[in-house]
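Here is what each chain is made of, one letter per residue.
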Amino acid sequence: MIIDAFDLPEGHVLAADVCIVGGGAVGLSMALHLIGSGLDVLLLEAGGLDVETDTQALYRGEVADETMHSPLDRYRERRLGGSTTTWGGRSMPFDPIDFEVRDYMPHSGWPIGREDLDPYFPEANRLCEAGRFLYTVEEAFDTPRQPMMPGFDSAIFTTNTLERFSCPTDFGRRYRHKLEAARNLRVILHANVTAVGLNPEATVVERLTARTLKGRQIGIRARQVVLANGGLESTRLLLASRDVMDKGIGNGHDILGRYYMCHVAGTIGAIQFNRPVWNGYDIADEGTYCRRRIAIRPDMQRRHRTGNIIARLHHPRITDPGHGSGVLSMLYLARMFIPYEYGKRLHGGVKLGLGTQVRHAVNVVLDSPNTIGFLWHLLRDRRLAERKFPSIIVRSKRHLHSLDFHAEQEPNPESRVTLSDQRDALGLPRLRVDWRYTRGDVESVSRFLELLAGEIAATGVGRFEYDPETVEREMTRYGAYGGHHIGTARMGVSPRTSVVDPDCRVHGIANLYLAGPAVFPTSSQANPTLTAIALSLRLAAHLRRRASARPAGFDATEGSPS
Ligand SMILES: Cc1cc2nc3c(=O)[nH]c(=O)nc-3n(C[C@H](O)[C@H](O)[C@H](O)COP(=O)(O)OP(=O)(O)OC[C@H]3O[C@@H](n4cnc5c(N)ncnc54)[C@H](O)[C@@H]3O)c2cc1C
């Protein structure tokens, strides 16, 4: 059932076995998993079914260095479906090495292993509509595929791992009918949770408070509470809930809000191959677009002390008309039609002089057959198709590519979010983000590139040229990778070094859980959503098992004040 908080009376109190805060990919996956479980589930969602300007404005905040991090109301969507209303759908699981303690990666190590999540990945893949949970070429395809870089036989790198693409599935839209039909689930829209209320001993959540932007307040009592309201927002809510714990809930040791990671990513250099290479998509049986990447093997990460990093063959920088591609020039000239979140890394907001713009226009005219073909492809395979072609692929006639890399960031306690002095329209302190990268991040990417250049030369497939002096500039050119909000409420065994335990339960609070990328202790090469969903499904299974354990004194009475 879907209800609007605007239709509930002022002061109304709702009760449930499980209350999930947030209806993004993570919260909705848990709710869907709990349908038919026999548990009475309540999901509180701040937004409505569509974009609403005043609701989205609740996400605004402060950023310490705007060249390093996007504004906080960008790369996040406050509405049913959360950021899956705009995401790219690139999906792959975290690798086993991501969970290990690595002596060269400070603060690394999860208290659980990849094997703890393996049972949940197939369902996570299904929910994302990313096809079967098969992430190598050999597993995913019955017939052999052409090699990505013929002759590149390397002991350091692989080219057979895949990223699979979701439709991209908007979870709110795709699963709405299931939410409406579920008998044991109530989704309350426009319910912004503004406070998590603990008992005086700070051991149990007694009550949540939710508000609408029209001034209505509702109360919620639940046996188990899960904060699934996004990688930054769940941390903000815990930091701001201070009536019993003066530094915020789960923050007895000043860990909450620290270790903020996104990814570091960039495009660099020129790879001249001697033969044609394959940088397009393979299509799996069920229609899923899959793409191969260059990945550094786990044993080589350990030997060369690099983080987990992958790279893709990429087109030249679009702002430079020297590429001669009508398609890329057209994308530059049409930049005002590309949403901020995607334009940022495509054209970087760069405004070129008139002369350069004319050169782009000349490219479009001279390369018009390709440009027209590309427009048709965009219309057919992206705008009209149910499963959208994931990205721009430009074939290079001269076998010339740049390298696009996506790298793990070191967990760093100085990279953090805190509460600002400003408040939003509901009275909640806004967030202040101070995202940082480390020398270790720069060195790790530098070693990866150096090793790759060596292997490309040694295998005789071509030549990779880049200026090592530009690595730091390129990996931070657009700042933190947008939309990946990782690590601010990390998982661990001790409250001295972490916020949640291996079951995602906030240390010391019997019935409060966190779901989402905030609990990841490390960031991997992988985009976070698939792993966040798998972890949330594991949590849902845990809550099912715990269903009979009811905190003493729980009051399940619902209703309005008389
Ligand atoms: C442009 C873009 C592209 C991306 N591409 C990819 C990709 O290709 N692959 C990938 O893995 N990831 C990608 N991501 C990241 C991905 O979208 C997120 O990791 C994922 O959506 C996070 O899901 P979530 O449920 O944890 O959080 P969210 O999607 O942020 O959902 C949180 C929900 O909680 C609600 N909420 C917030 N505060 C409250 C409150 N106080 N009370 C009640 N409800 C609240 C919000 O309205 C929202 O619905 C991308 C993100 C962006 C922005």
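The paragraphs below set out a description of the structure included in this document. Computed from a predicted structure; not experimentally measured.

## What to know about helix α1 (residues 25–34)
Argument step 1. The buried fraction of α1 amounts to nine of the ten residues, a majority that puts the element mostly inside the structure.
Argument step 2. By the burial criterion, the buried members of α1 are Ala 25, Val 26, Gly 27, Leu 28, Ser 29, Met 30, Ala 31, His 33 and Leu 34.

## Side note on unusual backbone geometry
Argument step 1. Here Cys 167 and Pro 168 are connected by a cis peptide whose omega angle stands at 5 degrees.
Argument step 2. When you line up the elements, Pro 168 lands in the loop between β7 (162–165) and α6 (171–174).
Argument step 3. Positive phi values are uncommon outside glycine, yet Ala 202 reaches one of about 60 degrees.
Argument step 4. Structurally, Ala 202 is set in the loop between β9 (192–198) and β10 (205–211).

## A few points about the sheet that holds strand β19 (residues 429–434)
Argument step 1. With respect to topology, three strands assemble into an open sheet ordered β4-β19-β18, the strand pairing being mixed. Strands at the two margins of the open sheet, each flanked by one partner only, are β4 (62–63) and β18 (416–423).
Argument step 2. Where β4 and β19 come together, two bridges link them in parallel fashion. Looking at the pairing, Glu 62 lines up with Arg 432 of β19.

## A word on the sheet that holds strand β5 (residues 90–91)
Remark on secondary structure: sheet strands pair via backbone hydrogen bonds, oriented parallel or antiparallel.
Argument step 1. Across the sheet, which stays open at both edges, the four strands sit in the order β5-β7-β14-β13 with antiparallel pairing between neighbours. With partners counted over all chains shown, the strands left at the sheet margins are β5 and β13 (282–283), one partner each.
Argument step 2. Sheet analysis places β7 next to strand β14 (residues 289–292), joined by three bridges and oriented antiparallel. Directly across from Arg 164, in β14, lies its bridge partner Cys 290.

## Let's talk about the nonpolar core
Argument step 1. Core analysis: the largest hydrophobic core is formed by 133 residues, its most contacted members being Cys 19 and Val 226.
Argument step 2. When residues in this core are grouped by element, the largest group, nine residues, is from helix α16 (residues 529–546).
Argument step 3. Beyond its immediate sequence surroundings of up to four residues, Val 226 is in contact with Val 18, Ile 20, Val 21, Met 30, Tyr 513, Ala 515 and Leu 539.
Argument step 4. The next biggest cluster of nonpolar side chains, apart from the first, holds eight residues, and it includes Ile 318, Val 327, Leu 328 and Val 364.

The rules behind these values
- Residues numbered from 1 in each chain as written.
- Predicted model: local features only at pLDDT ≥ 70, side-chain atom pairs only at ≥ 80, totals over all residues.
- Buried ≥ 20, exposed ≤ 12 C-beta atoms within 10 Å, placed from the backbone.
- Helix = DSSP H or I, 4+ residues; strand = E, 2+ residues; numbered from the N terminus.
- Pairing = 2+ DSSP bridges.
- Core = buried A, V, L, I, M, F, W, Y, C linked by C-beta atoms within 7 Å.
- Contact = placed C-beta atoms within 7 Å.

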